[in-house]
Amino acid sequence: MTPAVRVEASGDTIGEARWSALHELERRHPGLDRDKIEFQVVSEGERGLLGVGYEPARVIAILTDLPPPAPASEPAVETDVAVADDSLVAGRLREMLEAVLRGTGLDARVHIRHEGREVTATLSGDDLGLLIGRHGQTIDALQYLANAAMHRRGEDVEVVIDAQGYRERRERKLHDVAMRAAQDALETGGPVALEPMTSVERKIVHLRLKDEPGVATASEGAEPNRHVVVLPADAPV
């Protein structure tokens, strides 16, 4: 029987310690099945007061089912996705999203890709309508909180959270809405007010109509009722 591989790691939180241990295991054994890894919490850590009494969280990751060795002619190489998925930022975001999923009782799988300043979390599952919310209000709020949490930690990243292809579907719909509004504004010669949207969605509309001949856009109102107004380009804003 192949002996189990044990890796101990530490971090500010249990989640960070888990991902540090996971990263080290995958560095040693590329291609491992993450479902075969067991975690043991050695210490939950102590925050301390003003830095006094601080103790990091410690976790042991145990791998019992080792992946087969790569052929000698084809040395194992970590993929970009695996490296990105193991970043400290990705680990923190995953910990947050998994806590939300546990709290809501939703069964979903989290995939994270970290490229440059953008960190994209994609959630997949059978029914994530509750997570998306009406007009995406819930998932947009979650995305806002994730960005706020990252910026508070000093991370210069932009977090995007998607579920069941919602972002792509919503963007297509917003493009259609923007074009219909532009046509109405040109036909009537007056402004056309759209429904209230989040800042992310308003940006999509503004960009879609930025180079559209004869029309201009502006945002009006106060949150949460701030909305886009589409109007003829020669009309006063």
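Owing to the predicted nature of the structure, the values given are computational and were not obtained by experimental measurement.

About the thresholds
Residues numbered from 1 in each chain as written. Predicted model: local features only at pLDDT ≥ 70, side-chain atom pairs only at ≥ 80, totals over all residues. Heavy atoms only, no water. pLDDT = per-residue confidence, 0-100. Contact = heavy atoms within 4.5 Å. Phe/Tyr/Trp six-rings, centres within 6.5 Å; stacked < 30°, edge-to-face > 60°. Lys NZ or Arg CZ within 6 Å of the ring centre and 35° of its normal. Helix = DSSP H or I, 4+ residues; strand = E, 2+ residues; numbered from the N terminus. Polar contact = N/O pair within 3.5 Å; in protein donor to acceptor, adjacent residues only side chain to side chain. Salt bridge = Lys/Arg side-chain N within 4 Å of Asp/Glu carboxyl O. Buried < 20%, exposed > 50% of the residue type's maximum accessible area, 1.4 Å probe, protein only. Core = buried A, V, L, I, M, F, W, Y, C linked by side-chain atoms within 4.5 Å. Pairing = 2+ DSSP bridges. Axes fitted to C-alpha atoms, helices over the stretch in contact; angles between N-to-C directions.

Chemist: Just to check I follow, could you spell out the confidence of the model for the protein chain for this structure?
Modeler: The predicted coordinates should not be examined in detail at positions where pLDDT is low. Per-residue confidence for the protein chain averages 80 on the pLDDT scale, and 85% of its residues sit at or above 70. The model gives residues 72-85 a pLDDT under 50, and that stretch makes 17 contacts with residues more than four places away or in other chains.

Chemist: What exactly am I supposed to notice about the packing of aromatic side chains here?
Modeler: Ring pairs (aromatic) are described by centroid distance and by the angle formed between their planes. The final tally for this structure, using the stated rule, is zero aromatic pairs. In this arrangement the basic side chain of R18 is found over the ring face of F39, its NZ or CZ atom lying 4.2 Å from the centre.

Chemist: Help me understand the side chain of Q143 in this model?
Modeler: With respect to the secondary-structure elements, Q143 resides in helix 5 (residues 137-152). One polar contact links the side chain of Q143 to the main-chain amide nitrogen of I161, over a distance of 2.9 Å.

Chemist: Please explain the pattern of salt bridges as it appears in this structure.
Modeler: Using the criterion set out here, one finds nine salt bridges in the structure. Linking R113 and E115 is a salt bridge whose minimum nitrogen-to-oxygen distance equals 2.6 Å. Residue classification places E115 among the partly exposed residues on the basis of a relative accessible area of 48%. With its nearest N and O atoms 2.6 Å apart, the salt bridge here joins R167 to D140. In this pair, R167 is assigned in helix 6 (residues 166-188) and D140 in helix 5, connecting sequence segments 27 residues apart. For D140, a relative accessible area of 8% translates into the label buried.

Chemist: Explanation requested: the nonpolar core in the structure shown.
Modeler: It is characteristic of soluble globular proteins that their nonpolar side chains tend to be buried jointly. L93, L97, L123 and I161 are the most contacted members of the largest nonpolar core, which totals 23 residues. Elements that contribute at least two residues to this core include exactly helix 3 (88-104), strand 4 (109-115), strand 5 (118-124), helix 4 (129-132), helix 5 and strand 6 (158-163). Looking at which element gives the most residues to this core, the answer is helix 3, with five residues. Discounting residues that sit within four places of it in the chain, L97 has contacts with V110, A121, L123, L142 and I161. Listed in part, the 14 residues of the second largest apolar core include L174, A185, I204 and V215.

Chemist: For this particular structure, what's the right way to read the sheet that holds strand 5?
Modeler: Adjacent strands of a sheet form backbone hydrogen bonds with each other and so pair up, either parallel or antiparallel. Strand order in the open sheet made by the three strands is 4-5-6, with mixed pairing throughout. This sheet does not close on itself; its edge strands, each paired only once, are strand 4 and strand 6. Across the sheet, the mean angle separating the axes of adjacent strands is 15° when strand polarity is ignored. As paired elements, strand 5 and strand 6 share six bridges and run parallel to each other. For E118, the partnering residue across the bridge sits in strand 6 and is E158. The sheet contacts of helix 3 involve strand 4, strand 5 and strand 6, and relative to strand 4 the element is tilted by about 155°.

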